[in-house]
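A look at the structure
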Amino acid sequence: MKLPLYLKISLRYLFSVKSNLLSFMTVISIVGITLGVAALIVTLSVMNGFMFGLKSKLLQTTPHIMILKADEKFDDYNQVIQKINQNSQILDYQPFIYTQGLLSKDSKVSAVYVRGVDPQKDKNFLSLDKRIILGNYDLSDGCVILGKDLALMLSVTVGDELNLMSPVGRKTPLGFLPKIKPVKVCGIADLGIYEYNATFVATNLKFAQNFFDMGESITGIQLKLKDPFKAEVVKSQLEKNIEFPYIIKSWMDMNKSLFQALELEKFAMFLVITLIVVVASFNIASLISTKSREKRKEIAILRTLGADRSLITKVFLFQGLFIGIVGSVLGTILGLLIVYIGDTYHLIKLNPEVYLIEYLPLRISVLEVLVIFLSSMFICFISSIFPALNASRESPAEVLRYE
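By convention here, each chain's residues receive numbers from 1 onward along its written sequence. The model is predicted, so local features are restricted to residues of pLDDT at least 70 and side-chain atom pairs to those at 80 or more, both for listing and for counting; the totals for chains, interfaces and linings are taken over all residues. For side-chain calculations, the full set of non-hydrogen atoms in the structure is used, while hydrogens and water are omitted.

**Some remarks on the overall build of the protein chain**
Counting from the N terminus, the helices are DSSP H or I runs at least four residues long and the strands are E runs at least two residues long. Along the backbone of the protein chain there are 15 helices and 10 strands. As a reference, a globule follows 2.2 Å times the number of residues to the power 0.38, and the radius of gyration itself is taken over C-alpha atoms. Expected size for 403 residues packed as a compact globule is a radius of gyration near 22 Å; at 33 Å, the protein chain overshoots this value by more than 25%. Dimensions of the protein chain, computed from C-alpha atoms along their principal axes, come out at roughly 110 × 45 × 45 Å. Throughout, exposure labels follow a simple rule: accessible area from a 1.4 Å probe, protein chains only, divided by the maximum for the residue type, with under 20% read as buried, over 50% as exposed, and the rest as partly exposed. In the protein chain, which comprises 403 residues, the share counted as buried stands at 47%. Only heavy atoms enter the contact rule, under which two residues are in contact if any of them lie within 4.5 Å. Sequence separation of 24 or more characterises 79% of the internal contacts of the protein chain that already satisfy a separation of 6 or more. Surface accessibility in these figures is a Shrake-Rupley result with a 1.4 Å probe; residues are shielded only by whichever protein chains are displayed. Carbon and sulfur atoms make up 60% of the accessible area of the protein chain, which amounts to about 21,200 Å² in all. The average position of the 43 basic charges and that of the 35 acidic charges among the side chains of the protein chain differ by 10 Å. In summary, the charge assignment counts Lys and Arg as positive and Asp and Glu as negative, without counting His or the chain termini. Note that the charge is assigned to NZ on lysines, CZ on arginines, CG on aspartates and CD on glutamates.

**Thoughts on unusual backbone geometry**
Looking along the chain, the bond that leaves F244 and enters P245 is cis, with omega of 15 degrees. One non-glycine residue, D106, lies in the positive phi region at around 60 degrees. Position of D106 relative to the elements: it lies in the loop between β2 (90-105) and β3 (108-117). With phi around 55 degrees, D213 is a residue other than glycine that occupies positive phi space.

**What to know about the nonpolar core**
I67, L103, L146 and I221 are the most contacted members of the largest nonpolar core, which totals 80 residues. The element best represented in this core is helix α2 (residues 20-61), accounting for 12 residues. Sequence-distant contacts of L103, defined by excluding residues within four places in its chain, comprise K108, V109, S110, V112, L146, L150, L154, L162, N163, L164, V183 and V201. Counting residues in hydrophobic clusters, the runner-up holds 14 residues, among them L68, Y137, I145 and L191. Each nonpolar core is a collection of buried residues, namely Ala, Val, Leu, Ile, Met, Phe, Trp, Tyr and Cys, held together in the definition by side-chain atoms within 4.5 Å.

Next up, the structure:
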């Protein structure tokens, strides 16, 4: 294939062996772009992987969507269930109670969140029966299942009896007295998240309703979706049929502040690492400026032979673009290779009590890789414009006068 004249001249200048210094600067420029692009891909993959791992962990213990009722008892939920069943994206629903309480054993007391559920339906939601590490999945009246860290704090095991207390209590002639009921530990579960393990208490829905004097009322209805990542779409559909005083919250709403903080951190990291590519582009500008000064005589001869300024501009502009393309391609390959190795062999271990996940998964976004690749080439192209224009403005008469 016949190359255009400016491409032939550009490649000849770029890989000229007459100047070892300029050849070395070319290599350094390519390496700089390569490392910058690879660092960007790895950094964003780390942030994507952390968000993916965190979301996956939260979805194991968080309802996809919750329907609550404001300022009123939620006892007419059969009407809501009829509207829920009209949505094809909803796999199942479950009425539940979620309220605060106290657990005590001898002199040890701990604040807990009591979760009252239907034992059979709960297997399709939290899958608590698969998280039991000691004892059995038994939520009959008077039985509770504790998180493993809560059991450790209270120094109890399967078969021990605890006192469950309601912080509201009941009104008597002597004032408000706490309501206390003995319960038996029938199982200990590991939910995978320390905050849940340290406060989690599960019991039967009817038992919780009776103990907390709720009658037939519930705290809310939790929904399980076919695709939990479409929770916002399903939420919008439900809000058209289920109006106030009912409040619909997706799992993204319940963790919005966390996700917003991670997105902001991801954007900040992108800007910081992009500076590596910007700094590397200065090498390109310096390289093209140096080459244009070295090739002043050749440029003047070309201009004398009829080459116009646009040809000279293209010659040096393509050098910067070529370095950008080569560096971006190599950087993309290197970054993807690092991500593949790191994710396949779980190289980055984490403390699950701090980060909620045991290792850091790495996730690649095709769109982000494309943006990084194009941004890198754009930065290289921009950095080449000014020195290329300067090279084209050389006056042939001034250069050849002293040659």
